[in-house]
Amino acid sequence: SQQGEEDPQALSIQEGENATMNCSYKTSINNLQWYRQNSGRGLVHLILIRSNEREKHSGRLRVTLDTSKKSSSLLITASRAADTASYFCATGTQGAQKLVFGQGTRLTINP
Amino acid sequence: ETGVTQSPTHLIKTRGQQVTLRCSSQSGHNTVSWYQQALGQGPQFIFQYYREEENGRGNFPPRFSGLQFPNYSSELNVNALELDDSALYLCASSPRGWETQYFGPGTRLLVL
């Protein structure tokens, strides 16, 4: 079963706009990660935020984590056509070997 | 590119058959995890191998089995294939205890 719920399931915006995706999860976590997947192929790691962090930046990406609400958001600023992909949040828990993924958000950037 | 490779890229099997999928981990990574991703869903953890031993398993039946070799490459074997086994199978490698996993391109399996 999936740990998280992602919202929205699909998002379509114009190039240059910002895209925000949200992820909620159910259990206590050690870290939360965001991955990108192009056209049903392999996943690419984007960013990791630990449970004791509230915000993290990497280039055009900004991730927030609210452990009290068990939720995270991924913001992509100044979107580009190449950002078109599916985005997944994944949670890691202390001592567990697995990542537990949400169902993903399908992002489409229109030129 | 992560340096994780998988073979084959695509595979078609019939119900009841057996299949073996292969994964070569990124250099220096001694832990390999396998995930199943059904169409339109997020990946689901099958199991993980570390130093040739299973090191955690998800909610998959015993007909899903695996191996890890001394060079850290890995195989996923699925017996008695069912239609619902049709999915993208992803392999991911990492150093032991590393939180981030590095995924291969996947093998797309279709069971008819």
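Data block above holds the structure.
K.L.:
I tried to follow the environment of A:Arg106 on my own but got confused; where do I start?
P.N.:
Residue and element names in this part refer to chain A. For Arg106, the position within the fold is in strand E11 (residues 105–110). A relative accessible area of 37% means that Arg106 is categorised as partly exposed. Not counting the four nearest positions on each side in its chain, Arg106 is found in contact with Gln9, Ala10, Leu11, Thr84, Ala85 and Ser86.

K.L.:
Before we go on, may I ask you to explain the pattern of salt bridges in this structure?
P.N.:
Close approach of charged atoms allows side chains with opposite charge to pair. Taken as a whole, this structure holds 8 salt bridges over all chains when the rule is applied. As a salt-bridge pair, B:Glu99 and A:Arg50 come within 2.4 Å of each other at their nearest N and O atoms. In this pair, B:Glu99 sits in the loop between strand E9 (87–94) and strand E10 (102–103) while A:Arg50 sits in strand E5 (residues 43–50), so the two residues belong to two different chains. Here B:Glu99 falls in the partly exposed class, since its relative accessible area comes to 23%. With a shortest N-O distance of 3.3 Å, B:Glu82 and B:Arg63 are connected by a salt bridge. On the criterion of sequence distance, the pair formed by B:Glu82 in the loop between strand E8 (74–78) and E9 and B:Arg63 in the loop between strand E6 (53–57) and strand E7 (64–68) is long-range, its members being 19 residues apart. On the accessibility criterion, B:Arg63 (16% relative accessible area) is buried. Each of the salt bridges in this network shares a partner with another, and the network as a whole consists of B:Arg63, B:Glu82 and B:Asp85.

K.L.:
Just checking my understanding: could you explain the environment of A:Thr64 for this structure?
P.N.:
Residue and element names in this part refer to chain A. Positionally, Thr64 belongs in strand E7 (residues 61–66). Sequence separation between Thr64 and Leu75 is 11 residues, and the spatial gap between their C-alpha atoms is 8.6 Å. If we skip the residues at most four places from it in the chain, Thr64 touches Ile49, Arg54, Glu55, Ser71, Ser72 and Ser73. A polar contact of 2.6 Å, which involves the side chain of Thr64, links it to the side chain of Ser73.

K.L.:
When you look at the packing of aromatic side chains in this model, what are you seeing that I'm missing?
P.N.:
The description of two aromatic rings rests on the distance between their centres and on the angle between their planes. Inspection of every chain in the model, using the stated rule, returns 9 aromatic pairs over all chains. Put simply, the rings of A:Tyr35, A:Phe88, A:Phe101, B:Tyr35, B:Phe45 and B:Phe103 touch in pairs and so form one group of aromatic residues.

K.L.:
Would you mind showing me how to read the environment of B:Ser73 here?
P.N.:
All names here are of chain B. If you trace the backbone, Ser73 turns up in the loop between E7 and E8. Note on Ser73: relative accessible area 13%, which makes it buried. Taking the C-alpha atoms as reference, Ser73 lies 26 Å from Gly16; in sequence the two are 57 residues apart. Leaving out residues up to four positions away in the same chain, Ser73 has contacts with Cys23, Ser24, Ser25, Leu67 and Gln68. A polar contact of 2.7 Å, which involves the side chain of Ser73, links it to the side chain of Asn71.

K.L.:
Explanation requested: the interface of chain B and chain A in the structure shown.
P.N.:
You'll often see interface size given as the accessible area lost when the parts meet. In this assembly, 23 residues from chain B lie in contact with 21 residues from chain A. It is B:Pro43, B:Glu99 and B:Phe103 that lose the most area in chain B upon contact with chain A, and together they represent 30% of the buried surface on that side. At the junction of chain B with chain A, the criterion picks out 1 salt bridge. Our enumeration of links across chain B and chain A arrives at 9 residue pairs in polar contact (both at pLDDT 80 or more). Elements with a minimum of two residues in the side of chain B that touches chain A: strand E4 (31–37), strand E5 (44–50), E6 and E9 of chain B.

Conventions used here
Residues numbered from 1 in each chain as written. Chains lettered and ligands numbered in written order. Predicted model: local features only at pLDDT ≥ 70, side-chain atom pairs only at ≥ 80, totals over all residues. Heavy atoms only, no water. Helix = DSSP H or I, 4+ residues; strand = E, 2+ residues; numbered from the N terminus. Buried < 20%, exposed > 50% of the residue type's maximum accessible area, 1.4 Å probe, protein only. Contact = heavy atoms within 4.5 Å. Salt bridge = Lys/Arg side-chain N within 4 Å of Asp/Glu carboxyl O. Polar contact = N/O pair within 3.5 Å; in protein donor to acceptor, adjacent residues only side chain to side chain. Phe/Tyr/Trp six-rings, centres within 6.5 Å; stacked < 30°, edge-to-face > 60°. Buried area = accessible area lost by both parts, 1.4 Å probe.

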